[in-house]
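Here's the letter readout for the chains.
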Number of protein chains: 2
Amino acid sequence: MAHLKALDECSIDAVLTDPPYSSGGLTIGQRQQAPSKKYQSSDAQKKFADFPGDNRDQRSFITWATLWLAEAYRVTKPGGVCMMFTDWRQLPAMTDALQAGGWLWRNIVVWDKPTARPSRGEFKRQCEFVLIGSKGKLTPATDRCLPGVYRRSIVASSKRLHLTEKPVPLLHDLLQITPEGCTVLDPFAGSATTAQACLETGRRFIGIELSQTYFETACTRLKTLANWTL
Amino acid sequence: MAHLKALDECSIDAVLTDPPYSSGGLTIGQRQQAPSKKYQSSDAQKKFADFPGDNRDQRSFITWATLWLAEAYRVTKPGGVCMMFTDWRQLPAMTDALQAGGWLWRNIVVWDKPTARPSRGEFKRQCEFVLIGSKGKLTPATDRCLPGVYRRSIVASSKRLHLTEKPVPLLHDLLQITPEGCTVLDPFAGSATTAQACLETGRRFIGIELSQTYFETACTRLKTLANWTL
DNA sequence: CCCGGAGCTGAATCGCACC
DNA sequence: TGGTGCGATTCAGCTCCGG
């Protein structure tokens, strides 16, 4: 949050981020577990480092989300866009936080994960959602009409650097709504997937990550990409 | 609502309905327009009769939805399921109403409409959503795992009996979560699309419709289906 | 019967003119 | 000034018709 406050007003064209969902488990006890236990089957545990900000109850979660969304709003140029991942359970809370942070809520984009885990006798929970907001009237960056549903496979567990890593092609898709050469902010940079997608599509990137472990992972990853300097 | 109150407690296995969305327009005036104006391009107007319950503001809309959802909950058997259509704009309000009505919110199923209207420089608003709730722990009706996304074309305007008619194949898909031979309630029966899907898949159907015009349309439609008596 | 191209529509949205 | 109403606009996919 301190890093976010340090950024200049209206210095960013777009926000694209995947905040902690804080949504695993119906009971307080389950939510208070560390993410690496909550989101993984038991045999896969301890593969990923824990990440901060994922054990709030829903009330303080909304307040906290509103705070960083308002800061992100402040640093974004008028007409800029905000894209934020959420799962089905937190979606209503996140639309509240998005709008409370000042953003104009415009849309829900669907990420269809074909390899989601099935559950017997129920509809699969196979989607995550991307909430779209804008700072006032959206400044169109392209003449194209973009799809509202993206079918992209999740990153294979063996290739993942972060527990909830999003596929790079999906981020490419989402960046289509931003102008080329623009500056993109990710306040929850994680293992820098958004950063990679920005660099690959000719966008500038500003990232913030609280976890020292993931910050170092991100630096390592970005150093392996060719045309990039710290 | 009176018809709903007249039904016996725990007499229904599932609720499947498409209530008025009350979501067109940002201003009071636009919301007060009749649905046939609000949701149709100007040249196509006056083809469909208007339907009631689509001009509440969001606060009274949630209250009203909670009332009928609570009644629907009352008449549903424990372990029964509720499936309710909504659009992106009303989704958070409807999850509140669903849960306030007593239901356990379980999922968001996505209806992907391939022919949604595009808009330049933006993501298409190409989905509607089906909120899934259960009365307590869900009683599984099948061993199969059902998809979480359904790509189904909208009903062609020339073949539609109702402005917001849902495709019958989509309702077939959704009914897969209910046991064969069960009784399904639709408190907003419209032109009886849900009824048709129930009869075609061997479910019993109870429908309620406020609009006399649509009630008569529904009766006509159902009479043309073979194995059915009033 | 299959194929290809023309035509049309959409649970809208935007912006401007007008009270 | 602010709220309201009307008309122009968008293109992928579906329908339909003719070859």
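Residues numbered from 1 in each chain as written. Chains lettered and ligands numbered in written order. Predicted model: local features only at pLDDT ≥ 70, side-chain atom pairs only at ≥ 80, totals over all residues. Heavy atoms only, no water.

Further remarks concern the sheet that holds strand E5 (residues 149–151) of chain A. Residues and elements named next belong to chain A. On the basis of which strands lie adjacent, the open sheet formed by 7 strands has the order E5-E3-E4-E2-E1-E6-E7 and mixed pairing. Two strands close off the open sheet at either side, each with one partner strand: E5 and strand E7 (204–207). Geometrically, the sheet is characterised by an average inter-axis angle of 20° between neighbouring strands, direction not taken into account. For strand E1 (residues 12–17) and strand E6 (residues 183–186), the ladder comprises 2 bridges, and the chain directions are parallel. (Pairing = 2+ DSSP bridges. Helix = DSSP H or I, 4+ residues; strand = E, 2+ residues; numbered from the N terminus. Axes fitted to C-alpha atoms, helices over the stretch in contact; angles between N-to-C directions.)

In the vicinity of DNA strand C lie 20 residues, with A:Arg106, A:Lys137, B:Arg117, B:Ser157 and B:Arg160 positioned nearest. When the atoms of DNA strand C within 4 Å of the protein are sorted by group, sugar and phosphate make up 43%. The separation between a base nitrogen of DNA strand C and a polar side-chain atom of B:Arg117 is 2.8 Å. The side chain of B:Arg125 places a nitrogen or oxygen atom 3.5 Å from a phosphate oxygen of DNA strand C. Across the surface near DNA strand C, the residue classes break down as 7 nonpolar, 3 polar and 10 charged. (Near = heavy atom within 4 Å. Polar contact = N/O pair within 3.5 Å; in protein donor to acceptor, adjacent residues only side chain to side chain. Nonpolar A, V, L, I, M, F, W, Y, C, P; charged D, E, K, R; others polar.)

Each partner contributes to the interface: chain A provides 38 residues, whereas chain B provides 38 residues. In terms of surface lost to chain B, no three residues of chain A exceed A:Trp88, A:Gly121 and A:Phe123, which account for 22% of the buried area on that side. Counting every contact that joins chain A to chain B gives 4 salt bridges. Here B:Arg120 and A:Asp143 are joined by a salt bridge, their closest N and O atoms 3.4 Å apart. Mapped onto the side of chain A that touches chain B, the elements with two or more residues apiece are helix H5 (91–100), strand E3 (104–112), strand E4 (127–134), E5 and helix H6 (168–175) of chain A. The element contributing the most residues to the side of chain A that touches chain B is E3(A), with 7 residues. (Contact = heavy atoms within 4.5 Å. Buried area = accessible area lost by both parts, 1.4 Å probe. Salt bridge = Lys/Arg side-chain N within 4 Å of Asp/Glu carboxyl O.)

Counting 58 residues, the largest nonpolar core has A:Phe129 and B:Phe129 as its most contacted members. If sequence neighbours within four positions are ignored, A:Phe129 has contacts with A:Met84, A:Phe85, A:Thr86, A:Asp87, A:Trp88, A:Leu91, A:Ile108, A:Val109, A:Val110, B:Ile108, B:Val110 and B:Phe129. (Core = buried A, V, L, I, M, F, W, Y, C linked by side-chain atoms within 4.5 Å. Buried < 20%, exposed > 50% of the residue type's maximum accessible area, 1.4 Å probe, protein only.)

Residue and element names in this part refer to chain B. Taken in spatial order, the 7 strands line up as E5-E3-E4-E2-E1-E6-E7 in an open sheet, and their pairing is mixed. Whereas interior strands pair on both sides, the edge strands pair on one side only; in this sheet they are strand E5 (149–151) and strand E7 (204–207). Within this sheet the neighbouring strands show an average axis-to-axis angle of 20°, counted without direction. Packed onto the sheet, helix H5 (residues 91–100) meets strand E2 (76–86), strand E3 (104–112) and strand E4 (127–134) and runs at close to 15° relative to E4. Most of the contacts of helix H7 (residues 193–200) go to E7, to which it runs at about 165°, and overall it touches strand E1 (12–17), strand E6 (183–186) and E7.

Take the protein's contact with DNA strand D next. DNA strand D sits among 10 residues. The nearest are A:Cys145, B:Pro114, B:Thr115, B:Pro118 and B:Ser153. Counting only the atoms of DNA strand D that lie within 4 Å of the protein, the sugar and phosphate share comes to 84%. The residue makeup of the surface near DNA strand D, split by class, is 3 nonpolar, 3 polar and 4 charged.

When chain A is fitted onto chain B, the two copies agree to an RMSD of 0.1 Å after a turn of 180° and an axial shift of 0.0 Å. Taken together, the rotation angle and the small translation identify this as a two-fold axis. Identified as the residue of chain A closest to the rotation axis by C-alpha distance is A:Pro92, at 2.2 Å. Comparing interface residues between copies, 100% of those in chain A also lie at the interface in chain B; the contact surface is shared. (Least-squares fit on C-alpha atoms with pLDDT ≥ 70 in both.)

With that settled, consider the packing of aromatic side chains. Residue and element names in this part refer to chain B. Scanning the entire structure with this criterion turns up 17 aromatic pairs over all chains. Geometrically, the ring pair formed by Phe61 and Trp64 is tilted, given 5.9 Å between the ring centres and 40° between the ring planes. Of this pair, Phe61 and Trp64 both sit in helix H4 (residues 58–75), separated by 3 residues, roughly a single helical turn. The exposure class of Phe61 is buried, given its relative accessible area of 1%. Pairing Phe85 with Trp111 gives two aromatic rings, centres 6.3 Å apart and planes at 85°, and the pair type is edge-to-face. A residue pair is termed long-range when its members are at least 10 positions apart, and Phe85 in strand E2 and Trp111 in strand E3 qualify at 26 residues. The same class applies to Phe85 as to Trp111, namely buried. (Phe/Tyr/Trp six-rings, centres within 6.5 Å; stacked < 30°, edge-to-face > 60°.)

For the coordinates displayed, the defined rule picks out 1 cavity of 30 Å³ or more. If you add up the space inside the largest cavity, you get close to 40 Å³. Around the largest cavity, the lining residues are A:Asn107, A:Ile108, A:Gly148, B:Trp88, B:Arg125, B:Gln126, B:Cys127 and B:Phe129. If you list the elements that add at least two residues to the lining of the largest cavity, you get E3 of chain A together with E4 of chain B. Considering only residue class, the lining of the largest cavity consists of 4 nonpolar, 3 polar and 1 charged. (1 Å grid on protein atoms, 1.4 Å probe; cavity = no way out; pocket = protein on both sides within 12 Å on 5 of 7 lines; lining within 4 Å. Points joined across faces, edges and corners; volume = space filled by probe spheres on them.)

Purely geometric numbers; function is a separate question.
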